[in-house]
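Architecture and fold: a report
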Amino acid sequence: MLIRRARLPDDRVVDIRVDERIVEVADRLDPLDAEQAIDADAAVVLPGLHDHHLHLRAMAAALDSLVVGPPDVRTKAQLAQALKFAEPGPDGWIRAIGYHASVAGELDREQLDTLVAGAPVRIQHRSGAMWILNSAALTRVGLADHPDGRLHSADDWADALPRRVTALADITHRLAGYGVTGITDATPDLTADDVVTLSLAHKRGEIPQRLHFLAPGKRILHDDRLDVDELIGWVGDHHDGDVPVALHCVTLAQLVVALTALRSAGIHPQDRIEHAAVVPDDMIADLAEAGVTVVTQPNFVAERGEHYLRDVPTDDHPQLWRVASLLRAGIPLAASTDAPFGGMDPWSAMRAAVHRSTPGGEVLGLDERISAQEALRLFLGHPDRPSVPRTVDVGQPGDLIVLTPGADVETLASDMVATTIIGGRVS
């Protein structure tokens, strides 16, 4: 493919020849025989975006799942109404996502039974780390005697759930529309068969984006199960096989245990801390010393900021979803959306990193704001080196986005993406 009259970030206007990698960049290039050519009309051309942490299967499943959390559902009455009229899927299950305790408290099987007794119901907490099942659902998965129906998503019970055929192509088409040319699936319980299935979908073109997996080294930490010695052994076993680890840390306790385990077991160059939702001042130096990459989600400030303002002590607000302070400390940093647990538009996540505005318009973490260019770079990293941005240079991956003519990159608006190119082909 030949891109004519492409404006580079340094404002030069050039022609770019693209295949699996960028082949040539020059003031003018002549088209080769049978080479597709597009005219960028002096619009900006950037490396394609890479979402460094999302969940493909869950995103596809969310297309036909009931949303039972804010902003769609905010009260117990609204929850009851939504479940009352919910239609079970072809497998007989009612699947709901996005629940938060602000709606109706800490749900359990008994409360769900009062809302839906006949059909099996599973409701996923918006964190993605927990499901709440009613009695009919617990019976289906062989846990009829479970005391409260509150189950961790990574536990073995999930193996008994029926798998739905999901519309991956719909999701990846939307991602391409945002200019996403690469994705890292962060699902922790992906089996070898799951990886093969997704890889085959990639080969068939259902997933045009470059595809990277954190499994088998991804692990969600839970505060009620933190065992430093066990985690040290788990990390060490993976490192012995040259497998990097990615540790999910959304609380201070999880971050402390994760860093302790990494220091004790030794750090692989590609190890990651996922989220780092809470980082006190006195732990920034520890993260910097460890040299581990942090992949964070500033979009949660824009999506969940009202809950943080209400539920998190004011003195702790500066610790939430840090960006600027981590960059200043030299910590390798990248960003992602965590879709479907966050919105799937990476440009929205970038704007959240710049403005730090909650849904109500308040600023959460004033000192954590960064520039638009810094926010963009957080989504330009290589899959195995998330903090190292790709560039529009010869030898770099042939994954580019052409913006609309006259678009101002500083706006970080998704609608300025005109063309997405992956591996030298328009996607």
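So, a few notes on the structure that sits alongside this text. (Residues numbered from 1 in each chain as written. Predicted model: local features only at pLDDT ≥ 70, side-chain atom pairs only at ≥ 80, totals over all residues. Heavy atoms only, no water.)

**Quick look at the packing of aromatic side chains**
Both the distance between ring centres and the angle between the ring planes are used here to describe each pair of aromatic rings. For clarity, the threshold we go by: Note on aromatic pairs: the rings of Phe, Tyr and Trp (six-membered ring only in Trp) are paired at centre separations within 6.5 Å, and the planes decide the class, stacked below 30 degrees, edge-to-face beyond 60, tilted for the rest. Strands here are runs of E lasting at least two residues and helices are runs of H or I lasting at least four, both read from the DSSP assignment and numbered beginning at the N terminus. The criterion is that NZ of a Lys, or CZ of an Arg, lies within 6 Å of the ring centre and within 35 degrees of the ring normal, and then a charge sits over that ring.
Per the counting criterion, the structure on display carries 1 aromatic pair. Aromatic side chains Phe 300 and Trp 321 sit 5.2 Å apart centroid to centroid with 50° between the ring planes, which places their arrangement in the tilted category. Of the two residues, Phe 300 is situated in helix 11 (residues 299-311) and Trp 321 in the loop between helix 11 and helix 12 (324-328); the sequence distance between them amounts to 21 residues. The positively charged end of Arg 219 is found above the aromatic ring belonging to Trp 234, 5.2 Å away from the centroid.

**Quick look at the nonpolar core**
Rule in force here: To form a nonpolar core, buried Ala, Val, Leu, Ile, Met, Phe, Trp, Tyr and Cys residues must be joined to one another through side-chain atoms within 4.5 Å. When a residue's accessible area, from a 1.4 Å probe over protein chains only, is under 20% of the maximum for its type it is buried; when over 50% it is exposed; and in between it is partly exposed.
In terms of nonpolar packing, the biggest core is built from 67 residues, with Leu 49, Leu 247, Ile 273, Leu 287 and Trp 347 touching the most fellow members. Top contributing element to this core by residue count: helix 9 (residues 252-265), with 6 residues. Counting residues in each nonpolar core, the second largest holds 17 residues, with Val 68, Ile 94, Ala 104 and Leu 107 among its members.

**Brief notes about helix 8 (residues 228-240)**
Heads up, the rule is: Expected helix span is taken as 1.5 Å per residue step, with the number of steps being one fewer than the number of residues. Two N or O atoms count as a polar contact when they lie within 3.5 Å, although within protein this holds only if one can serve as hydrogen donor and the other as acceptor, and sequence-adjacent residues are included solely when both atoms are side-chain atoms.
For helix 8, spanning 13 residues, the distance from its first C-alpha to its last is 18 Å, which sits close to the expected 18 Å at 1.5 Å a residue. Looking only at helix 8, the buried set comprises Leu 231, Trp 234, Val 235, Gly 236, His 238 and His 239. Where helix 8 begins, one side-chain oxygen reaches toward the backbone nitrogen of Asp 229, 3.2 Å away; that side chain belongs to Asp 227. Positive backbone phi, at 60°, marks Asp 242, one or two positions downstream of helix 8.

**What about the sheet that holds strand 8 (residues 94-99)?**
Applied cut-off: Pairing between two strands requires that DSSP report at least two bridges joining them.
Pairing in this open sheet of 5 strands is mixed, and the strands run 7-8-9-10-11 from one edge to the other. The outermost strands of the open sheet, each flanked by one partner alone, are strand 7 (66-67) and strand 11 (150-152). With 2 bridges connecting them, strand 7 and strand 8 associate as parallel partners. Looking at the pairing, Val 67 lines up with Ile 97 of strand 8.

**What to know about the pairing of strand 16 (residues 272-275)**
Note the following rule: Place the viewer so that the strands point away; then a crossover is right-handed whenever the path from the first strand over the helix to the second strand goes clockwise.
By the bridge criterion, 4 bridges tie strand 15 (residues 246-249) to strand 16 in an arrangement that is parallel. Residue pairing for strand 16: Cys 249 is matched across the bridge by His 275. Handedness of the β-α-β unit built from strand 16, helix 10 (residues 281-290) and strand 17 (residues 293-296) comes out right-handed.

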